[in-house]
Amino acid sequence: EAGVAQSPRYKIIEKRQSVAFWCNPISGHATLYWYQQILGQGPKLLIQFQNNGVVDDSQLPKDRFSAERLKGVDSTLKIQPAKLEDSAVYLCASSTPRRDGGRGYTFGSGTRLTVV
Amino acid sequence: GNSVTQMEGPVTLSEEAFLTINCTYTATGYPSLFWYVQYPGEGLQLLLKATKADDKGSNKGFEATYRKETTSFHLEKGSVQVSDSAVYFCALMKGAQKLVFGQGTRLTINP
């Protein structure tokens, strides 16, 4: 099966500019996640969608970050305006329930954002 | 809240050495525990997992045992290879399906 697709792979912007990332999850995966991975740290959940509804956005800096998942498939994550500390890899993941009660989780390759 | 603590890196070993990467967690109840690996230039991949106490996850020669009494999930491999060089993340999942990661341990294996 195709994996989780993300674009672009790399993005360099100046601070105070805007940027958007795109994610296409594995077909049929109802749950989609955006994680932020700052260099030297583990990924941190920004937002979780179930179909097109938000399940958890408690760690999303809502003054500058926004995300949507129209039609419960693709998702976009936007930063406006960007700050230097937003430099990170943004990972998209999707998951589906498994027969053993766990979840099959798949990560995309990520978008590396550099804010200068 | 739930959290994961990994041994600080980076870790550098010679080929065929024994590997241990420590991981401890804080969580109520019984979370599922995972090790993920990130090879250079690639995305996160699940290495192994354990869903209940005393379970042992294993894959590609790596093993980790879910120890409830010590809240630990240490990663081990008996003989590492150069191709094992990567960043390793310990993680837990409980309830709402989100993964909580440790800070990662960079492993370099020298020939």
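Residues numbered from 1 in each chain as written. Chains lettered and ligands numbered in written order. Predicted model: local features only at pLDDT ≥ 70, side-chain atom pairs only at ≥ 80, totals over all residues. Heavy atoms only, no water.

## Structural notes on the interface of chain B and chain A
Here is step 1 of the chain: Contacts between chain B and chain A engage 15 residues on the former and 22 residues on the latter.
Here is step 2 of the chain: Of the roughly 1,400 Å² buried where chain B meets chain A, counting both sides, 52% is carbon and sulfur surface.
Here is step 3 of the chain: A per-residue breakdown of the area chain B buries against chain A is headed by Leu 44, Gln 97 and Lys 98 of chain B, which together make up 36% of the total.
Here is step 4 of the chain: Close ionic contact of Asp 56 of chain A with Lys 98 of chain B constitutes a salt bridge, the shortest N to O distance being 3.6 Å.
Here is step 5 of the chain: The tally of links from chain B across to chain A stands at two residue pairs in polar contact (both at pLDDT 80 or more).
Here is step 6 of the chain: Elements with a contribution of two residues or more to the side of chain B that touches chain A: strand 5 (32–38), strand 6 (44–50), strand 10 (86–93) and strand 11 (99–101) of chain B.
Here is step 7 of the chain: Tallied by class, the residues present in the side of chain B that touches chain A amount to seven nonpolar, six polar and two charged. (Contact = heavy atoms within 4.5 Å. Buried area = accessible area lost by both parts, 1.4 Å probe. Salt bridge = Lys/Arg side-chain N within 4 Å of Asp/Glu carboxyl O. Polar contact = N/O pair within 3.5 Å; in protein donor to acceptor, adjacent residues only side chain to side chain. Helix = DSSP H or I, 4+ residues; strand = E, 2+ residues; numbered from the N terminus. Nonpolar A, V, L, I, M, F, W, Y, C, P; charged D, E, K, R; others polar.)

## What to know about the packing of aromatic side chains
For any pair of aromatic rings, the description consists of the separation of the ring centres together with the inter-plane angle of the planes.
All names here are of chain A.
Here is step 1 of the chain: Under the defined criterion, the tally for this structure stands at 14 aromatic pairs over all chains.
Here is step 2 of the chain: Ring geometry for Tyr 33 and Tyr 105: centres 4.6 Å apart, planes at 20°, overall stacked. You can see Tyr 33 sitting in strand 4 (residues 31–37) and its partner Tyr 105 sitting in strand 10 (residues 103–107), a full 72 residues away along the chain.
Here is step 3 of the chain: Ring geometry for Phe 65 versus Tyr 90: centroids 6.4 Å apart, planes at 40°, classification tilted. Here the residue Phe 65 occupies a position in strand 7 (residues 65–68), and Tyr 90 occupies one in strand 9 (residues 88–97), the gap between them amounting to 25 residues. (Phe/Tyr/Trp six-rings, centres within 6.5 Å; stacked < 30°, edge-to-face > 60°.)

## What to know about the state of the cysteines
Here is step 1 of the chain: Inspection of the entire model under this criterion finds two disulfides over all chains.
Here is step 2 of the chain: Covalent S-S linkage joins Cys 23 of chain A and Cys 92 of chain A, the inter-sulfur distance amounting to 1.9 Å. Note on the Cys 23 of chain A and Cys 92 of chain A pair: the S-S dihedral is about -70°, so by sign convention the disulfide is left-handed. In this pair, Cys 23 of chain A sits in strand 3 (residues 19–24) while Cys 92 of chain A sits in strand 9, placing the two residues 69 residues apart along the sequence.
Here is step 3 of the chain: For Cys 23 of chain A, a relative accessible area of 0% translates into the label buried.
Here is step 4 of the chain: Residue Cys 92 of chain A is classed as buried on the basis of its relative accessible area of 0%.
Here is step 5 of the chain: Each disulfide pairs two cysteine sulfurs, and for Cys 23 of chain B the partner residue is Cys 90 of chain B, the sulfurs being separated by 1.9 Å. When the S-S torsion is -70°, as for the bridge of Cys 23 of chain B with Cys 90 of chain B, the disulfide is left-handed. Here Cys 23 of chain B, found in strand 4 (residues 23–26), pairs with Cys 90 of chain B, found in strand 10; they are 67 residues apart in sequence, far enough to count as distant. For the pair formed by Cys 23 of chain B and Cys 90 of chain B, the shared burial category is buried. (Disulfide = S-S within 2.5 Å. Buried < 20%, exposed > 50% of the residue type's maximum accessible area, 1.4 Å probe, protein only.)

## Examining the layout of surface pockets
Here is step 1 of the chain: One number sums up the size of the largest pocket: a volume of about 690 Å³.
Here is step 2 of the chain: The wall of the largest pocket is formed by 33 residues, among which Gln 37, Leu 39 and Arg 112 of chain A together with Gln 38 and Arg 106 of chain B lie closest to the centre.
Here is step 3 of the chain: Only strand 9 and strand 11 (111–115) of chain A together with strand 10 and strand 12 (105–110) of chain B provide two or more residues apiece to the lining of the largest pocket.
Here is step 4 of the chain: Residue composition of the lining of the largest pocket, by class: twelve nonpolar, 17 polar and four charged. (1 Å grid on protein atoms, 1.4 Å probe; cavity = no way out; pocket = protein on both sides within 12 Å on 5 of 7 lines; lining within 4 Å. Points joined across faces, edges and corners; volume = space filled by probe spheres on them.)

## Points about unusual backbone geometry
Here is step 1 of the chain: Looking along the chain, the bond that leaves Ser 7 of chain A and enters Pro 8 of chain A is cis, with omega of -5°.
Here is step 2 of the chain: The residue after Gln 80 of chain A, namely Pro 81 of chain A, is reached through a cis peptide bond having omega -5°.
Here is step 3 of the chain: Turning to its location among the elements, Pro 81 of chain A is positioned in the loop between strand 8 (75–79) and strand 9.
Here is step 4 of the chain: Unusually for a residue other than glycine, Glu 16 of chain B sits at a positive phi of about 75°.
Here is step 5 of the chain: Examined against the element boundaries, Glu 16 of chain B turns out to sit in the loop between strand 2 (11–14) and strand 3 (19–21).
Here is step 6 of the chain: Its identity is not glycine, yet Asp 54 of chain B carries a phi of approximately 75°, on the positive side.
Here is step 7 of the chain: Inspection of the secondary structure puts Asp 54 of chain B in the loop between strand 6 and strand 7 (56–59).
Here is step 8 of the chain: Given the relative accessible area of 54%, Asp 54 of chain B is considered exposed.

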